[in-house]
Amino acid sequence: MEIFIPLLKAFLVGGALCAIGQVFIDYTSLTPARILVCYVVLGVILGGIGIYPMIIDFAGAGATVPLTGFGSLLAKGVKEAVAKDGLLGVLTGGFTASAAGIGAAVFFSLLGALIFKPKDKS
Amino acid sequence: MAQRKGKYTIVFDDPPMIKSSAAIGSKKEAQGPLKHIFDVINEDSYFGQATWEKAESRMQQDTVTKALEKGQLSASQVDCVFAGDLLNQCVGSTYGLRDLGMPFVGLYGACSTMAESLMVCSVFLEAGAIQRGVAVTSSHFCTAERQYRFPLEYGGQRTPTAQWTATASGAAVLEKGDCPPFIRACTVGTIEDLGVTDANNMGAAMAPAAAMTIKHFFEDTKTNGDNYDLIITGDLGKVGTRLLRELLLQDGYNIEHAHTDCGLILYDMDKQDVHAGASGCGCSASVMCGHFIPLIKSGKLNNVLFVATGALLSPTVVQQGESIACIAHLIYLSSQKEGGRV
Amino acid sequence: MAFTPEEYNKMSQKASPNSKSYKNIPMAFLIGGLVCALGQGLMILYQNAGLEKDTASTAVSVSLVFLSVLLTGLNVYDNIAKVAGAGTLVPITGFANAMASPALEFKSEGFILGLGAKMFIIAGPVIVYGISASILYGLIIYLFRLY
């Protein structure tokens, strides 16, 4: 049961964040790319004002895996970097915090593209 | 010489005939109800090539070769080929026809290109500028996706109004003669734009162009929907079909009993996941060349209007906020060389 | 046929079917939730293996990115996404798919201007506006000494 509760929390909160995204897709003319940008920027704002970290405390991966979590991570990184390096940290914080995710996406995509080929849809 | 009738319509004195025609499709087309209309089905949508663009070129080349073969002709006996497709710089046609050594006129009318190429070829024939011509177009799902929408492996959801670009090609060989079907008249479309901006709702964007061209033809020839066995639109799909019928009804023309749309019949609308229907130049080209032209040839259909519709958009202008300009060209096909409706 | 664009817009909206939200939203919730629960499962696994919380969280992201790129390459991700909608768009797996799919697609135009340049055509804006928002945030906390 101890394992089950955090999984359930992650499922519910993560699912809810996705369902909200789907509402935007279905009921507004926002394109998916715009919705993602909104999620990230919203994550930075909510992370910056300290609300998102509370959601992360509650839901764990349910809050860190959606792109709002990515935004919140950027804000957290900047905050730490500014505290450590001052003005320079403003520029370095975001990339430092997101380096692993972006680095992985870039490199794995490169590898993937070398190995695989796109296929027709059915 | 061709005569002008009314403001928009060209009537041919000595109507060109369609000597032979051919259609090629791929896997998804073979799973649909019109499987039997294709001369060749290539289950491999790469058509044995390394890239999607090469695949489309190959498909178009094969279609022309097949149409010529069915007419017992060789490429050297063709005076001019009129071809186009959906790709930038019409590369599907240019590279597909590169090796055939035929004089080439490249056309762009988006999904209206089959009617456009038949029309231009007919006028060349009527003017005596050529003795024999070929009209051909193609579209490929994968080339269209990567140029107009998203990479194939991108995880996106299609909206219910979206249409599925057919991987298909159709070609027709035209010359002077006495075997049906004959191209009796054509109406050059006007560019219509009622402000639709949703590139996932091409049917709605194109319906006004089809309605306008059909209306022009009816007015010019003083005919109406009752005078034709069939009025075939290109790829309006579910949404566009409904809108076209409504628009024409407002003008007092009821075409419902005679109207069909290639985009509605190429795929199984219930079982194949194509949302509002098929689209692409290859959709109307293959359905006409593989299905309806043979039906007119065999006398099962006598007076047919073919109205191919095209959305003349590019991703660039749509991103700049432009609405979708559309066009529709009309071809009047008949099993009779004389008489009839014009 | 004298329609204004506004009139025609009404007509075409009537003729156009709406998205099947009654199906789309629950599916987005279900699959998006499962992706996050998978992330949480990995998180617990990595923490049990002795990783710090932050490191484990990063490792989860990297794992999910890897999985997403793999499924993209195997031509599976787009088929899941067709059903899941935002459920596979909003998690970090959607971000990875948005980078991997153009990389695969545009490899045919070469490694530099195809694969390399076009990798960012969909995901690029997320980085541009995410990083820019974080820099603005950083400036604010720097100027007002909020850190």
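Rules behind the numbers
- Residues numbered from 1 in each chain as written.
- Chains lettered and ligands numbered in written order.
- Predicted model: local features only at pLDDT ≥ 70, side-chain atom pairs only at ≥ 80, totals over all residues.
- Heavy atoms only, no water.
- Helix = DSSP H or I, 4+ residues; strand = E, 2+ residues; numbered from the N terminus.
- Expected span 1.5 Å × (residues − 1).
- Bend = angle between axes of the 7 residues up to and from the residue.
- Buried < 20%, exposed > 50% of the residue type's maximum accessible area, 1.4 Å probe, protein only.
- Pairing = 2+ DSSP bridges.
- UniProt positions renumbered as here; feature names shortened; annotations may be inferred.
- Axes fitted to C-alpha atoms, helices over the stretch in contact; angles between N-to-C directions.
- Parallel < 35°, antiparallel > 145°, perpendicular 65-115°, else oblique.
- Left-handed = near helix turned anticlockwise from the far one by under 90°.
- Contact = heavy atoms within 4.5 Å.
- Nonpolar A, V, L, I, M, F, W, Y, C, P; charged D, E, K, R; others polar.
- Phe/Tyr/Trp six-rings, centres within 6.5 Å; stacked < 30°, edge-to-face > 60°.
- Lys NZ or Arg CZ within 6 Å of the ring centre and 35° of its normal.
- Buried area = accessible area lost by both parts, 1.4 Å probe.
- Salt bridge = Lys/Arg side-chain N within 4 Å of Asp/Glu carboxyl O.
- Domains from an automatic or database assignment.
- Polar contact = N/O pair within 3.5 Å; in protein donor to acceptor, adjacent residues only side chain to side chain.

Per an unreviewed UniProt entry, chain B goes by the name Stage V sporulation protein AD and belongs to Youxingia wuxianensis.

Under an unreviewed UniProt entry, the name given to chain A is Stage V sporulation protein AE, and the organism recorded is Youxingia wuxianensis.

### Some points on helix α9 (residues 281-297) of chain B
Residue and element names in this part refer to chain B. When the terminal C-alpha atoms of α9 are compared, their 22 Å separation across 17 residues agrees well with the 24 Å that a helix rising 1.5 Å per residue should span. Its axis deflected by about 40 degrees at M288, α9 carries its strongest bend there. Counting buried residues along α9, 14 of its 17 residues qualify, which places the element largely inside the surrounding structure. Following α9 by one or two positions, G299 has its phi on the positive side, about 85 degrees.

### Considerations on the pairing of strand β3 (residues 17-26) of chain B
Residue and element names in this part refer to chain B. Of all 10 residues that make up β3, 9 are buried, and the element is covered over most of its length. Pairing of β3 with strand β9 (residues 168-175), which is carried by 8 bridges, proceeds in the antiparallel orientation. Across the sheet, the residue bridging to G25 is A168, located in β9. Strand direction decides the pairing type here: β3 and strand β4 (residues 40-42), joined by 3 bridges, are parallel. Bridged to G25 within β4 is I41.

### Comments concerning the UniProt feature "transmembrane region" (unreviewed entry) in chain A
As recorded in UniProt, the feature "transmembrane region" (unreviewed entry) lies at residues 7-25, 31-51 and 95-116 of chain A. Within the segment residues 95-116 of chain A, helix and strand shares are 95% and 0% respectively, and the terminal C-alpha atoms sit 29 Å apart.

### Topic: the packing of helix α7 (residues 237-250) of chain B against helix α1 (residues 5-15) of chain C
Between α7(B) and α1(C), the shortest axis-to-axis distance is 9 Å and the interhelical angle comes to 130 degrees. Relative to α1(C), the element α7(B) lies oblique. The element α7(B) and its partner α1(C) pack so that their crossing is right-handed. Each of V239(B), R242(B), L243(B), E246(B) and L247(B) in α7(B) lies in contact with α1(C), whose residues at this interface are Y8(C), M11(C), S12(C), K14(C) and A15(C). Class assignment for the residues of the contact of α7(B) with α1(C) results in 6 nonpolar, 1 polar and 3 charged.

### Some points on the packing of aromatic side chains
What describes a pair of aromatic rings is the distance from one ring centre to the other and the angle between the planes of the rings. All names here are of chain B. Applying the stated rule across the entire model yields 13 aromatic pairs over all chains. Seen in terms of ring centroids, F82 and F124 are 4.9 Å apart; in terms of plane orientation they differ by 65 degrees. Their pairing is edge-to-face. Of this pair, F82 sits in strand β5 (residues 80-85) while F124 sits in helix α4 (residues 113-126), and the two are 42 residues apart along the sequence. When its relative accessible area of 33% is taken as the criterion, F124 is described as partly exposed. Seen in terms of ring centroids, F141 and W164 are 4.2 Å apart; in terms of plane orientation they differ by 10 degrees. Their pairing is stacked. A residue pair is termed long-range when its members are at least 10 positions apart, and F141 in helix α5 (residues 141-148) and W164 in strand β8 (residues 164-165) qualify at 23 residues. With a relative accessible area of 1%, F141 lands in the buried category. One residue, K28, lies across the ring of W164, its end atom 4.0 Å from the ring centre.

### Considerations on unusual backbone geometry
All names here are of chain B. For the bond from P180 to P181, the omega torsion is 0 degrees, close enough to zero to count as cis. Along the polypeptide, P181 turns up in the loop between β9 and β10 (182-187). Phi angles above zero are rare outside glycine, and A110 is one such case at about 50 degrees. The topology assignment puts A110 in the loop between β6 (104-106) and α4.

### Comments concerning the interface of chain A and chain C
Facing 68 residues of chain A, the contacting portion of chain C comprises 70 residues. Counting the surface lost from both chain A and chain C, the interface buries some 5600 Å², and carbon and sulfur atoms represent 79% of this. The three residues of chain A that bury the most area against chain C are F11(A), V65(A) and F116(A), which together make up 11% of that side's buried surface. Counting every contact that joins chain A to chain C gives 3 salt bridges. Notably, a salt bridge pairs D57(A) with K53(C), separated by 3.9 Å at the nearest N-O pair.

### Side note on the environment of I31(C)
Residues and elements named next belong to chain C. With respect to the helices and strands, I31 occurs in helix α2 (residues 21-48). When the C-alpha positions of I31 and Y147 are compared, they lie 37 Å apart, and in sequence the two are 116 residues distant. Once residues within four sequence positions are removed from consideration, I31 is found in contact with I80, A84, G87 and T88.

### Here's the deal with the domain arrangement of chain B
All names here are of chain B. When the domains of chain B are assigned, the result is domain 1 (16-175) and domain 2 (182-334). Contacts between the two partners involve 51 residues from domain 1, matched on the other side by 52 residues from domain 2. Contact with domain 2 buries area across many residues of domain 1, yet C111, M119 and Q163 alone supply 18% of it, more than any other trio. Inspection of the domain 1/domain 2 interface yields 0 salt bridges. Inspection of the domain 1/domain 2 interface yields 20 residue pairs in polar contact (both at pLDDT 80 or more). Where the side of domain 1 that touches domain 2 is concerned, the elements lending two or more residues are β3, α1 (27-30), α4, β7 (132-139), α5, β8 and β9. In terms of residue count, α4 provides more of the side of domain 1 that touches domain 2 than any other element does, 7 residues in total. Counted by class, the side of domain 1 that touches domain 2 contains 26 nonpolar, 18 polar and 7 charged residues.

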